[in-house]
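Architecture at a glance
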Amino acid sequence: MTSFAFSEQKLTFRAPEEGPFTQYVTAVLEEAYEKLGIELEYIELPRLRGEQLAAEGTIAGELGRTALLEDKRRHLRRVPFPLFTFDIIAVADRRNCGYCPLSEMKSLAYVNGMDSITKLVENLPYEPSIVTPIDIEQVVKLLDSGRIQMAFMGDFQFENSDLKDNPHLITHKLSTEVGFHYLNEEHARLIPQLTYHLQTMRDNGRMKALREQYGVTLETPIQPIKRPEQLTVVGAIHQGLLNADGTGKLWNLAKSVFPTFTSRLNTVVSSWQRSIQLLQEGRADALIGVRPDQKIKNIILSKYHIAYDDSIFLFTLEKPNDGPICVSGPRFMQTLVNTEQPFYRASNSLDCFALLDMERVSAVIDYKDNLPDWTEKPYKKQKLSDPQPLFVAFSDNNRGRALRQLFDNTLFEQTIEKTAKQQINERL
């Protein structure tokens, strides 16, 4: 039998994908094997090829796989210790499919050889066009280029890719999987001792320390709360989305979703800074219409976007001056301009543009829809930001997390119901 440099003191495995999650799993196994006097080494192999060599005994086994591996590779033996858990998620672009229900997806991709995903795909109630590249980088490229509508992957793969920084993507959890370590039957004698050392590392807190070292956090369980008697949702004026009179796309959405889990809904229109203050002080339960780049302390955003805002511009006069730049919207707008000039905060857009007309300020950062009606000459304008998705913000505490889950679940259920009704009407 052919073998890659491998003996009682050294075992060879397929190299895992790079990332904090796999570094954590590898570190756990390396420490457990070290107690047996065994060193681990790794070679780069495609997933299916590595699986085949592990089954043949050419390499020692598989670092971490789900129990589905046993159905097709009978020469691999499971170490009976749940080494890790991960979620299988679906990833799609909101701009192309809204909330992207699986039933509407006609093409998808996932890494070839991921058994848990293959099983999910086989059980789909429809037959999409499927592409199975050999690694996650190719899956990411297919999704980024728009050649597929949706990608299935492990949450750890998503977190370790450029996808996690794309605010336009939406994810749906499909399942939670448990991973185990596998050895070729030739090394089955190691399993009892290896299991003992893994259990000891769990019980003495060593695994927890390694998780913290590699930044692998466990999801905090959400404690259920009683149905709130009333909820207060606050928002700043955003023409067409959050109008001062309580109309607009986002107020309509709030009045549709929140009343499903509260007896009374209060909607409050305020300035941006006041809205944020109300949420942070606990005097409001949610802040509607937040961009992901606003970086507000002690808040969490809804999983699903609720709309897109508009482009943001820098408005100036034909003849520049050295005055400050006027801003009336959220403070993140100031970060969009690389300048040494100071900023002046006004209470509203009209005050900013009035100051600009009087040449008391040099420029205004604002949305185009906030231009005043009195302007006779067009301002010079420079686009600072393309439209970004908007979310609902909640307090980062147990109540806030519970409210966010209620909001996300209700919004998605309403969307699926609306989509189903539309499909029925189209068939009639």
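You'll find the structure just up there.
Here goes a summary of the coordinates provided. Note that the coordinates shown come from a computational prediction; the quantities given were computed from them, not determined experimentally. (Residues numbered from 1 in each chain as written. Predicted model: local features only at pLDDT ≥ 70, side-chain atom pairs only at ≥ 80, totals over all residues. Heavy atoms only, no water.)

1. A closer look at the sheet that holds strand 14 (residues 312–316)
- What the five strands build is an open sheet, ordered 16-15-17-14-18; its pairing is mixed. What marks the edges here is a single partner per strand, and that holds for strand 16 (343–345) and strand 18 (380–385). The average undirected angle you get between the axes of adjacent strands in this sheet is 30°.
- For strand 15 (residues 325–327) and strand 16, the ladder comprises three bridges, and the chain directions are parallel. Among the inter-strand pairings, cysteine 326 is bridged to a residue of strand 16, identified as tyrosine 344.
- Sheet contacts for helix 11 (residues 349–357): strand 14, strand 15, strand 16 and strand 17 (363–367); angle to strand 17, the most-contacted strand, approximately 150°. (Pairing = 2+ DSSP bridges. Helix = DSSP H or I, 4+ residues; strand = E, 2+ residues; numbered from the N terminus. Axes fitted to C-alpha atoms, helices over the stretch in contact; angles between N-to-C directions. Contact = heavy atoms within 4.5 Å.)

2. Things to note about empty space enclosed by the protein
- With the rule as written, the count across this model stands at two cavities of 30 Å³ or more.
- Roughly 340 Å³ of internal volume is contained in the largest cavity.
- If you go around the largest cavity, you meet 22 residues; those closest to its centre are Arg47, Gly64, Arg65, Phe84 and Phe156.
- Counting residues per element, the ones that place at least two in the lining of the largest cavity are helix 1 (20–34), strand 3 (61–65), strand 4 (76–93) and helix 4 (115–122).
- Here the lining of the largest cavity gets five residues from one element, more than from any other, and that element is helix 1.
- Residues belonging to the lining of the largest cavity are distributed by class as follows: 10 nonpolar, six polar and six charged. (1 Å grid on protein atoms, 1.4 Å probe; cavity = no way out; pocket = protein on both sides within 12 Å on 5 of 7 lines; lining within 4 Å. Points joined across faces, edges and corners; volume = space filled by probe spheres on them. Nonpolar A, V, L, I, M, F, W, Y, C, P; charged D, E, K, R; others polar.)

3. Concerning the side chain of glutamate 62
- When you line up the elements, glutamate 62 lands in strand 3.
- A relative accessible area of 2% means that glutamate 62 is categorised as buried.
- Here arginine 65 takes part through its side chain, which lies 3.5 Å from a polar atom of the side chain of glutamate 62.
- Sequence-distant contacts of glutamate 62, defined by excluding residues within four places in its chain, comprise Phe13, Arg14, Arg47, Gly50, Glu51, Ala54, Leu69, His181 and Tyr182. (Buried < 20%, exposed > 50% of the residue type's maximum accessible area, 1.4 Å probe, protein only. Polar contact = N/O pair within 3.5 Å; in protein donor to acceptor, adjacent residues only side chain to side chain.)

4. Here we look at the state of the cysteines
- Taken as a whole and assessed by the stated rule, the structure comprises two disulfides.
- Disulfide partner of cysteine 97: cysteine 100, at an S-S distance of 1.9 Å. Disulfide cysteine 97-cysteine 100: the torsion about the S-S bond is 80°, which places it as right-handed.
- Using a relative accessible area of 16% as the deciding quantity, one classes cysteine 97 as buried.
- Since its relative accessible area comes to 0%, cysteine 100 is described here as buried.
- What pairs with cysteine 326 in a disulfide is cysteine 352, and their sulfur atoms sit 2.0 Å apart. On the sign convention where negative is left-handed, the bridge of cysteine 326 and cysteine 352, at about -80° about the S-S bond, is left-handed. Separated by 26 residues along the polypeptide, cysteine 326 in strand 15 and cysteine 352 in helix 11 bring together distant segments of the chain. Neither cysteine 326 nor cysteine 352 differs from the other in exposure class; each is buried. (Disulfide = S-S within 2.5 Å.)

5. Comments concerning the pairing of strand 19 (residues 389–395)
- For strand 19, the buried fraction is high: seven of the seven residues fall into the buried class.
- The side-chain alternation of strand 19 yields two buried faces, one formed by Pro389, Phe391, Ala393 and Ser395 and the other by Leu390, Val392 and Phe394.
- Here three bridges tie strand 11 (residues 286–290) to strand 19, and the two strands are oriented antiparallel to one another. For valine 290, the partnering residue across the bridge sits in strand 19 and is phenylalanine 391.
- Relative to strand 19, strand 12 (residues 299–301) runs antiparallel, the two being bridged by three bridges. Considered in strand 19, the bridge of leucine 301 is made with alanine 393.
- Where strand 13 (residues 307–308) and strand 19 come together, two bridges link them in antiparallel fashion. Counted as the bridge partner of tyrosine 308 is proline 389 from strand 19.

6. Structural notes on the environment of glutamate 229
- Structurally, glutamate 229 is set in the loop between helix 8 (206–213) and strand 9 (230–236).
- In sequence terms glutamate 229 and asparagine 112 are 117 residues apart; their C-alpha atoms lie 50 Å from each other.
- In contact with glutamate 229, other than residues within four places in its own chain, are Thr262, Ser263 and Arg264.

7. Side note on the environment of serine 275
- Note that serine 275 resides in helix 10 (residues 272–280).
- Relative accessible area serves as the criterion here: at 0%, serine 275 is assigned to the buried category.
- Taking the C-alpha atoms as reference, serine 275 lies 5.9 Å from valine 234; in sequence the two are 41 residues apart.
- With residues up to four places along the chain from it excluded, the contact list for serine 275 reads Val234, Gly235, Ala236, Ser270 and Leu287.
- Within the structure, serine 275 has its side chain in polar contact with the backbone oxygen of serine 271 (distance 2.7 Å).

Purely geometric stuff here, so don't read any function into it on its own.
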